[in-house]
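If you want the building blocks of each chain, they are given just below.
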Amino acid sequence: MNILFVMYDQLRFDYLSCAGHPTLRTPNFDRVAAQGVRFDRAYVQSPVCCASRMSFYTGRYTSSHGASWNNYPLKVGERTLGDHLRDNGMQAWLIGKTHMAVDDAGMDRLGISRDGVIGARVAECGFDVWTRDDGLWGKGPDGAYDRRRSPYNAYLAARGYPGANPWHDHANAGVEEGRIASGFLMRHAGRPANIHEPDSETPWLTDQAIAFVDAQPTDAPWLAHLSYIKPHWPYIVPEPYHALYRAEDVLPAVRDPSERIDPHPVFDAFQSGTVSAAFHRDEVRETVIPAYMGLIAQCDDQLGRLLDHLQRTDRTRDTMILLTSDHGDYLGDHWMGEKDLFHDPSVRVPMIVLDPRPEADGTRGTVCDALVEAIDLTAAFIEVAGGTVPEHVVEGRSLLPFLHGREPGDWRQAAISEYDYSGTGHAETLGLAPRDCRLFMVATERWKFMHAEGGFRPMLFDLRADPQELNDLGASADHAVVIAQMYGHLHRWARRMSQRTTISDAEIAARRGASGGKGILIGAWSEADVAPAHLSDYVGPAPDLPE
């Protein structure tokens, strides 16, 4: 089996037609869902790019791997998906984005060269790199956001696009009266990007994926992490996708004036920030969301192109396909823009898995409502590769039983997500020290709960009575019992074994009592207290003293 692990950046769980969006059409996402299982309640381990991705790539919670915000390095000692798969004979390749920051200090301390295979893999989150492009080639007075070389910019230069940064000037900008209309300015979202559509980012990465598949031998299993840059902002898309959707296709914002009346202080800080304030305006939503939908339509078309190629080359029979996202996008819901907090538009993601093996025939086209976490994919991929999940390292649980119609009876009762916002301006607004800028989500079948460090009250939503999460019950005395139950879930999770990663439970059990066989006898009073075999080296005639 091969694995095609496709991730989209900032794709909401409900912006697919198979998930019920009434105006957006995504026939190729729907095509995969019709042949696989769509997990309807999948949550990421942090609603921000880097922290979420590092959980996908390690199978571990954010507080376990430590890369808790964008550009926070992943510790050099963390085992990754690529490490686990290579242990089981499967290669792991990257095509696109990881947003991974290198632990340079750790590599230097251990003397790991970046020029060797080991160092290259450590620096690339455990992957071998077919091509890496994180798709954020912004530049300002303080320099470039990403100082690495852009392979996409090199591609555009080879195609004849001028300038030092065609990623911005062409792929992510339009034209206004002969001048660059930057996609970073959302008023330009309705313009077509100044690029030939086949040269834009999503088709380019699809080209890379097709080239990768064609280069692989049929007898060597691989995982290809095809990590698209879109529909992440800048919200601008080439023609004809810029005109596919209009303001009439935009759904009303899921928000209520009551959310602005005495809100939770952390929620208030985020919904009052610059990005959220922009999305309070209808003109912003009516301009941006059609472009966002156009970006998704382009992603869908390119997925169809890739699926067709797999079918033509007879790779659909031996390739598992996984479609997901690193987080969502509020788009004005709950008076918010971007991601960051734990309402469904931010923390809940699409997750569709197609297993071509006969064992999955009974679940094709079904929807699973179990509480799923992003880290469950690492466990599933290890099993697909033929391995046993190292539970002392990987904190997720395999999804394969759901795919094969064997729902486990002891599946989790609560999903957990975390967010460290200490690096944001909101922390300064709230006057918090970095250690107090931590949020924790607990989601159960009925309830959504948020605990905030720093002495704040919790937030609580009754998903049965209030599925749109508009009525915060965190200050309700009538829900004290429920709040206590949610803290119980959080406390049980916090007591997990997360840092003893060098030795498994099975190895520990095998070592119990073994020291006696190696001559370490503790607490014995006489020979009667010790197995005779353990004394074999300690009995016999006493040796003479040296002269």
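Scroll up for the structure.
Because the structure is predicted, anything quoted here is derived from the model rather than measured. (Residues numbered from 1 in each chain as written. Predicted model: local features only at pLDDT ≥ 70, side-chain atom pairs only at ≥ 80, totals over all residues. Heavy atoms only, no water.)

Enquirer: Could you give an account of unusual backbone geometry, naming the residues involved and the relevant values?
Expert: A cis amide bond links Lys 230 to the next residue, Pro 231, at an omega of 15 degrees. Inspection of the secondary structure assignment puts Pro 231 in the loop between strand 10 (222–227) and helix 10 (265–271). In the segment running from Trp 233 into Pro 234, the intervening peptide bond is cis, with an omega of 0 degrees. Its location among the elements puts Pro 234 in the loop between strand 10 and helix 10. (Helix = DSSP H or I, 4+ residues; strand = E, 2+ residues; numbered from the N terminus.)

Enquirer: Lay out the pattern of salt bridges with the relevant residues and their values.
Expert: Evaluation of the coordinates by the stated rule reveals 44 salt bridges. A salt bridge links Arg 315 to Asp 318, with the shortest nitrogen-to-oxygen separation between them at 3.5 Å. Take Arg 315: its relative accessible area is 6%, and that puts it in the buried class. Its salt-bridge partner being Arg 446, residue Asp 462 comes within 2.9 Å of it at the nearest N-O pair. Remark: Arg 446 occurs in the loop between strand 17 (438–443) and strand 18 (447–452) and Asp 462 occurs in strand 19 (residues 459–462); sequence separation between them is 16 residues. Asp 462 sits in the buried class, given a relative accessible area of 7%. A relative accessible area of 28% places Arg 446 in the partly exposed class. Linked by salt bridges that have partners in common, Arg 38, Asp 40, Asp 344, Arg 348, Lys 448 and Glu 469 make up one network. (Salt bridge = Lys/Arg side-chain N within 4 Å of Asp/Glu carboxyl O. Buried < 20%, exposed > 50% of the residue type's maximum accessible area, 1.4 Å probe, protein only.)

Enquirer: So, the layout of surface pockets: which residues are in play, and what are the values?
Expert: Here the largest pocket is characterised by a volume of approximately 780 Å³. Lining the largest pocket are 31 residues, with His 232, Trp 233, Val 275, Glu 338 and Lys 339 positioned closest to its centre. Of all elements in the fold, only strand 6 (139–140) and helix 11 (274–279) reach the threshold of two or more residues within the lining of the largest pocket. In terms of residues, the lining of the largest pocket owes the most to one element, helix 11, which gives five residues. The residue makeup of the lining of the largest pocket, split by class, is 14 nonpolar, 13 polar and four charged. Considered as a void within the structure, the second largest pocket measures approximately 570 Å³ in volume. Lining the second largest pocket are 22 residues, and of these Tyr 61, Glu 395, Arg 397, Trp 493 and Arg 496 sit closest to its centre. Within the residue set of the lining of the second largest pocket, elements represented by two or more residues are helix 17 (480–494) and helix 18 (505–511). (1 Å grid on protein atoms, 1.4 Å probe; cavity = no way out; pocket = protein on both sides within 12 Å on 5 of 7 lines; lining within 4 Å. Points joined across faces, edges and corners; volume = space filled by probe spheres on them. Nonpolar A, V, L, I, M, F, W, Y, C, P; charged D, E, K, R; others polar.)

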